[in-house]
Every structure is written in structure tokens, then in C-alpha cells.
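Working through the structure, step by step
These are the residues of each chain, in order.
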Amino acid sequence: MSSTSSTNPGWVWGQVPAYTATAYARLAQRFGAVIGADPATTDTLLVPGEAIVALEAVAREAGATGARVLNVATSQYGRLFGEWMQEEGADVTTIAPPVAGTAVSLAQVVEELETGYDVISFVHGEAATGIVNPIAGIAGHARRLGVVSIVDAVASVGGEPLTASSADVIVLGPQKALAGPAGIAAVTVSEAGWKALARTPRRLASLSSVSLLDIRRDWLDAGQVAIPGTPAPHELWALDAALTAVEAEGPDAVVARHRLAAAASRAGLLGLGVRPWADDPAQASGLVTAARLPEAVDRDAVVALARERFGVELTVAPGGAAPQLVKIRHTGRTASFETVVAGLGALAGALSALGHPVDTGAGLAAATEVYTA
Ligand SMILES: *Cc1c(COP(=O)(O)O)cnc(C)c1O
């Protein structure tokens, strides 16, 4: 076990040992360190609850300043984020790419951003559709205009190159590429990020479970001596274990392993003769590789055949957003050759069985070649 981890408590399910405040402070720093957060300039806060709780906390307090917000929605997460901010009083403009389920173009965002905003919010990587939005261009342009950037990186941390300094507020989740628990998340906040947050003016209660400012008051500004609230210790130990594994592999190696699986899956699709969902490889996710099936193909039949005959779970985009989209999920520990080859083989087999022959050999050879090179 790595020296950075707390000692293995040896528990099973009962009598979970307490997680100490010292280890809790370290845990937040270790999570931030996955994206190179420098504690001198950036705070990393742990937020108990699934990642959407951290996202709501950010949205509510970013909305409460009444800021002019440009919200980019490339999935239901982005739309929801904009709605939360608007509920709190922000003046929110939501834009979406012209084709649902695709990445937003830098040009579209820049043109809108020039019209005058205080804050921009967007999702970095979309696990739903397997696309990645151009974070460097968007956040870089926002910074030049003095616009605070807020990024949902739950489905990109560990799967795409990402550094804490690229945006002012970044929401991280351990449960996707980092192969960690789903019941705790983290948020990195720069000095400019803190200035963009405020408590809702209507608030009466002294404590909110969706408030970064309360966590700051009760933890960062209180000497980090008592963990605020009662986060489930199982989640803390599980996050500790997940980060220990990430540290042992190296965060860059985790990203490289995901990018390799994505590159091989993409090459495999092209070898099969199936069009990748993202036309530009720079916009293709490291967590999942989405394919665009021809209109004549019954996507649900492909998914069913892949499961029944090949034992492989191909997935689809939620909410019917992209009816011809089907995904090979290579997230976390499954970002491996095994997953890629099984996914491509099952897709090829299902398509052929349904009367849409593809070049299975060429697809598998192309994927293998990527791992060989
Ligand atoms: C998975 C995901 C989340 C977090 O969802 P939870 O259901 O809370 O785990 C947030 N944003 C994006 C883009 C995601 O893919």
C-alpha cells in the first residue's frame, strides 16, 4: 500500500472506523492533485453525496449573485445546471450545439461570449454521448474577457487531459474514470471562483447541504479540525482506496490508458466501416466511444444482440437524444484492450446478424494495431 494512503482499516461492512480530519484534509488535496491543483492558489473541497449534489451546490451559489451567465448545454446536465442558476436569480442564456449530442464549437461559444457575460458554465466531457467540449479554448477565451469559468468535469477527470488552472470552478467525481465511489465528489475553486459565489438572498437556515460557502466557513476557515456534517465513512475509505490506485498508476497514465482505449475503439469502428459519433477525434471522449449507426439499423436490436449473444453491454444515450448512437463503455478499470475488442466484436457480430455486414477482421486488426504501436 502506498505511503500516501491512510492505513487499511480492515473493515467489511459493519463497525467502520472513523476517518480523521487530518486524513480528510489530505484526501481533498489528493483528489485535487489528480488535476494538479496547487493548494497555494486553489482550494479543493470534498462534497458528500453523488456528484450531482456538488454540481447543484455550485450552480445555486453561482446563480445567487445574479450574474449574467452563458450556459452551454450539451446534455441534460448542462440544461439542469442552467435551470438551477436561473432559479437563484442569475440571468442565464443557454446555448446548445446545432446538432443535438455533438460537441459545441469554440466559434459558437466565442461569438456569444463576446456579447457580455460574467460567468460561463459547461460540461467538459459527456459520458452520455461520448463527446468532449473544447475546454482550453473556451476557458482561455473566458479568462481573457474576465469571465469566470465553471466546468463539470465529472465525466472527464481521468479520461481527458485536464488541469485545475484551466478553469475557476471544476467539479470532479471519482466514480467514472477514477474507478471510485459514487457517493462523494470534489470541487476545485480559484480565488476568482470564490468571488463568483454567493448565498441565496432568500436563505433563512444557517446551514445548507448544497453550499460551498458553508463548507468553506465550517471547514477551510475553521482550521480543518472537525469534518463538517457526517459524510459516510465508507465513501471516504473507498475514495481513499481509489485515489491510492490512481496515485500508484499515475494520473497521467490513467488518462493515457483511457485515451488509448478511445483511439483503439475509434480505429476499430473505422475498420469495421462504422462512423464514429464524433467526427473530430479531438472531440471524442476517453470514457466511452460512441458510434453512429446507419439510419436503417435498429439500434435497440443491436444492443439486445450484443448482450444476448456476446455478453457485452453496449449502451445508448439517455433520454432518446441521439437515436442512432451506441457506445462502447471503456471507463475506469474497463479502459482496456479486452473491453475494446469485446465491444467492437459484439457490435460487428450484432450488425452482421441483423443483415448489415461489416469488416470484423479489419476492425479488430485496426484496434489491435493501436495497442501494438
Ligand atoms: C455522471 C455525470 C455526472 C454525475 O452524475 P451522478 O449521477 O451524480 O453520479 C455529472 N455530470 C456529468 C457530465 C456526468 O457524466
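Procedures and definitions
Residues numbered from 1 in each chain as written. Predicted model: local features only at pLDDT ≥ 70, side-chain atom pairs only at ≥ 80, totals over all residues. Heavy atoms only, no water. Helix = DSSP H or I, 4+ residues; strand = E, 2+ residues; numbered from the N terminus. Rg over C-alpha atoms; globule rule 2.2 N^0.38 Å. Buried < 20%, exposed > 50% of the residue type's maximum accessible area, 1.4 Å probe, protein only. Contact = heavy atoms within 4.5 Å. Areas by Shrake-Rupley, 256 points an atom, 1.4 Å probe, with all protein chains shown as cover. 1 Å grid on protein atoms, 1.4 Å probe; cavity = no way out; pocket = protein on both sides within 12 Å on 5 of 7 lines; lining within 4 Å. Points joined across faces, edges and corners; volume = space filled by probe spheres on them. Nonpolar A, V, L, I, M, F, W, Y, C, P; charged D, E, K, R; others polar. Domains from an automatic or database assignment. Polar contact = N/O pair within 3.5 Å; in protein donor to acceptor, adjacent residues only side chain to side chain. UniProt positions renumbered as here; feature names shortened; annotations may be inferred. Salt bridge = Lys/Arg side-chain N within 4 Å of Asp/Glu carboxyl O. Pairing = 2+ DSSP bridges. Axes fitted to C-alpha atoms, helices over the stretch in contact; angles between N-to-C directions.

Turning our attention to the overall build of the chain. Summing up its helical and strand segments, the chain has twelve helices and twelve strands in all. The globule rule puts the C-alpha radius of gyration for 373 residues at 21 Å, and the 21 Å found for the chain is close to it. Once the C-alpha set of the chain is aligned to its principal axes, its extents read approximately 65 × 55 × 35 Å. Counting only residues that meet the buried cut, the chain has 51% of its 373 residues in that class. Sequence-distant contacts in the chain: of pairs separated by 6 or more residues, those separated by 24 or more amount to 68%. Looking at the chain as shown, the accessible area adds up to about 15500 Å², and 56% of this sits on carbon and sulfur atoms.

Empty pockets left among the atoms are what a rolling probe the size of a water molecule brings to light. What the largest pocket holds in volume is close to 360 Å³. Lining the largest pocket are 23 residues; nearest its centre among them are Y77, A127, A128, A155 and K176. The set of elements that each furnish at least two residues to the lining of the largest pocket consists of α2 (51-63), α3 (76-87), β5 (125-126) and β12 (325-329). Taken together, the residues of the lining of the largest pocket sort by class into twelve nonpolar, five polar and six charged. Shared between two domains, the lining of the largest pocket takes at least three residues from each, and those domains are domain 1 (21-249) and domain 2 (251-372). In this structure, the second largest pocket encloses a volume near 260 Å³. Residue lining of the second largest pocket: 15 residues in total, with P48, S209, I215, P228 and G229 positioned closest to the centre. Elements that contribute at least two residues to the lining of the second largest pocket include exactly β1 (42-48) and α7 (212-218). Partitioned by chemical class, the residues of the lining of the second largest pocket number eight nonpolar, five polar and two charged.

Among the structural elements, R68 can be located in strand β2 (residues 68-72). Under the relative-accessibility criterion, R68 is labelled partly exposed at 38%. Here the side chain of R68 touches D118 through a polar contact of 2.7 Å, side chain to side chain.

UniProt records the feature "domain: Aminotransferase class V" (unreviewed entry) at residues 83-316, using the numbering of this structure. For residues 83-316, helix accounts for 37% and strand for 16%, while the C-alpha atoms at its two ends are 25 Å apart.

Looking at the chain, the domain boundaries give domain 1 (21-249) and domain 2 (251-372). On the side of domain 2, 25 residues touch domain 1, which itself brings 24 residues to the contact. Counting every contact that joins domain 1 to domain 2 gives two salt bridges. When the shortest N-O distance is used, the salt bridge between E160 and R259 registers 2.4 Å.

Our focus in this paragraph is the sheet that holds strand β11 (residues 288-292). With antiparallel pairing, the three strands of this open sheet are ordered in space as β10-β11-β12. Two strands bound the open sheet, and with one partner strand each, they are β10 (275-276) and β12. Sheet topology places β10 next to β11; two bridges connect them, and they run antiparallel. The residue of β11 that forms the bridge with R275 is R292. Lying over the sheet, helix α9 (residues 251-272) contacts β10 and β11, oriented at roughly 20 degrees with respect to β11.

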